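Each chain, letter by letter, is given below.
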Amino acid sequence: MNFGEVLTAMVTPFNEDESVNYKQAGELAEYLVNNGSDGLVVLGTTGEVPTLTTAEKEELLEVVVDRVGERATIIAGTGSYSTAESIEMTKKAEEIGVDGAMLVTPYYNKPPQRALDNHFRLVAQETELPIILYNVPSRTGRNLDPETVAKLSQVENIVAVKEASGDVSQATKINALTDESFDIYSGEDCLTLPILSVGGTGVISVASHLVGSEIKEMVQAYKAGNVEKAKDKNASLQQIFNAMFISTNPIPVKSALQMVGRGVGPVRPPLLDLEENLKNDLKNVLSEKGLL
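Just so it is clear, the structure is predicted and the values come from calculations on it, not from any experiment.

Conventions and cut-offs
Residues numbered from 1 in each chain as written. Predicted model: local features only at pLDDT ≥ 70, side-chain atom pairs only at ≥ 80, totals over all residues. Heavy atoms only, no water. Helix = DSSP H or I, 4+ residues; strand = E, 2+ residues; numbered from the N terminus. Rg over C-alpha atoms; globule rule 2.2 N^0.38 Å. Buried < 20%, exposed > 50% of the residue type's maximum accessible area, 1.4 Å probe, protein only. 1 Å grid on protein atoms, 1.4 Å probe; cavity = no way out; pocket = protein on both sides within 12 Å on 5 of 7 lines; lining within 4 Å. Points joined across faces, edges and corners; volume = space filled by probe spheres on them. Nonpolar A, V, L, I, M, F, W, Y, C, P; charged D, E, K, R; others polar. Axes fitted to C-alpha atoms, helices over the stretch in contact; angles between N-to-C directions. Parallel < 35°, antiparallel > 145°, perpendicular 65-115°, else oblique. Left-handed = near helix turned anticlockwise from the far one by under 90°. Contact = heavy atoms within 4.5 Å. Expected span 1.5 Å × (residues − 1). Core = buried A, V, L, I, M, F, W, Y, C linked by side-chain atoms within 4.5 Å. Phe/Tyr/Trp six-rings, centres within 6.5 Å; stacked < 30°, edge-to-face > 60°. Lys NZ or Arg CZ within 6 Å of the ring centre and 35° of its normal.

A.B. asks: Which residues make up the overall build of the protein chain, and what values go with them?
C.D. replies: What the protein chain contains, in helices and strands, is 12 helices and 8 strands. Its C-alpha atoms give the protein chain a radius of gyration of 18 Å, near enough to 19 Å, the size a compact globule of 292 residues would have. Once the C-alpha set of the protein chain is aligned to its principal axes, its extents read approximately 45 × 45 × 35 Å. Sorting the 292 residues of the protein chain into buried and exposed places 55% on the buried side.

In structure tokens, the structure reads:
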């Protein structure tokens, strides 16, 4: 399955009363696909998935698939700390018509590697969807080791990993242990170019909400052998990349989207909107980048 090079980890728009704004979700999905995104990851960390009900998750997927499913790959974040719940949500996403599922490393309960291997295999055997593993130890409390990824890559429908450990050497090792059909996506915008350089496919991005076409240009320049152009583009984007993480994701990106006129609304508790001093810093970055 070719998911694409630039996938946006899409925010979930809310109304001011914190209900899901499905109309804005459809409009945002179309905007992203028209501005550099090959695909969308819905119900991920950036989408505030822990705060969404099952009914909300299903309706969001239906809205996005209906709006852009014929023009972009739609990946549903269906993983959780529970294997049974992960299987159930993956089956529902498959029924809705998504192109793939992304399964986060089970969080909080910190399974050992052999248990992680078992978890992902149990989910994979219950679906025909291609699966992206999602390794983000800063949030889950458990690293998905390269050796475990390599074993799981032998499962027919486990086809990629979103590598968000912050350790490029881990992506390097995964590339060495898996065959060329297994895709490695950077889970951090600032490490996209380094991960491309060690065999990565692309990025599952937050900053692509704002600069998707430029990220796409950087990825394509690198793959075309124009390394200097890719380096220059990467350098020009670092300020935006860093600004997306001046507070907990997705607080900054939602604030930025509001500033540039995309009505994605607030974050849901337990998150809170960006502090005023950080809003000023973010506004300055957006202004310098010509986005305001």
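A.B. asks: So what about the layout of surface pockets? Which residues, and what values?
C.D. replies: Taken as a whole, the largest pocket spans an internal volume of roughly 680 Å³. Along its surface, the largest pocket is lined by 32 residues, and Val49, Pro50, Gly79, Ser80 and Tyr107 are the ones closest to its centre. When contributions to the lining of the largest pocket are tallied by element, the ones reaching two or more residues are helix H2 (54–68), helix H3 (83–96), strand S4 (100–104) and helix H5 (137–140). In terms of residue count, H3 provides more of the lining of the largest pocket than any other element does, 4 residues in total. Looking at the lining of the largest pocket residue by residue, the class counts come to 15 nonpolar, 11 polar and 6 charged. Lining the second largest pocket are 21 residues, and of these Val136, Ala164, Gly187, Glu188 and Phe245 sit closest to its centre. For the lining of the second largest pocket, the secondary structure elements donating two or more residues are H5 and helix H10 (227–243).

A.B. asks: Got a sec to walk through the packing of helix H1 (residues 22–33) against H2? Specific residues and values, please.
C.D. replies: Put simply, H1 and H2 touch, their axes get as near as 9 Å, and they point 45° apart. Taken together, the axes of H1 and H2 lie oblique to each other. Remark: the crossing between H1 and H2 carries right-handed chirality. Along the contact surface, H1 presents Tyr22, Ala25, Gly26, Glu27, Ala29, Glu30 and Val33, while H2 presents Glu56, Glu59, Leu60, Val63, Val64, Arg67 and Val68. Broken down by class, the residue content of the contact of H1 with H2 amounts to 8 nonpolar, 1 polar and 5 charged.

A.B. asks: Please set out H3 residue by residue, giving values where relevant.
C.D. replies: Given a rise of 1.5 Å per residue, 14 residues ought to cover 20 Å, and the 20 Å separating the end C-alpha atoms of H3 matches this to within 8%. Among all positions of H3, only Ser86, Ile87, Met89, Thr90, Ala93 and Ile96 are buried. In the segment just after H3, Gly97 is the residue with positive phi, at about 110°.

A.B. asks: Break down the environment of Val267 for me, with residues and values.
C.D. replies: Position of Val267 relative to the elements: it lies in the loop between helix H11 (251–259) and helix H12 (276–288). The spacing of Val267 and Glu48 is 219 residues in sequence and 7.9 Å in space, taken between C-alpha atoms. Once residues lying within four places of it in the same chain are set aside, the contact partners of Val267 are Phe14, Glu48, Pro250, Ile251, Lys254, Leu272 and Asp273.

A.B. asks: Describe in detail the nonpolar core, supporting the description with residues and values.
C.D. replies: The biggest cluster of nonpolar side chains holds 57 residues, and the ones touching the most others in it are Leu40, Leu61, Ile215 and Met244. Among the elements that take part in this core, helix H9 (residues 208–223) stands out by supplying 6 residues, more than any other.

A.B. asks: Tell me about the packing of aromatic side chains, and please be specific about residues and values.
C.D. replies: Counted according to the given criterion, the structure contains 1 aromatic pair. Pairing Tyr81 with Tyr107 gives two aromatic rings, centres 5.2 Å apart and planes at 85°, and the pair type is edge-to-face. Within this pair, whereas Tyr81 is found in the loop between strand S3 (73–77) and H3, its partner Tyr107 is found in the loop between S4 and helix H4 (113–124), the two being separated by 26 residues in sequence. Classification of Tyr81 by relative accessible area gives partly exposed; the value is 44%. Judged by its relative accessible area of 27%, Tyr107 falls in the partly exposed class. It is Arg262 that lies over the ring of Tyr31; its NZ or CZ is 4.1 Å from the centre.

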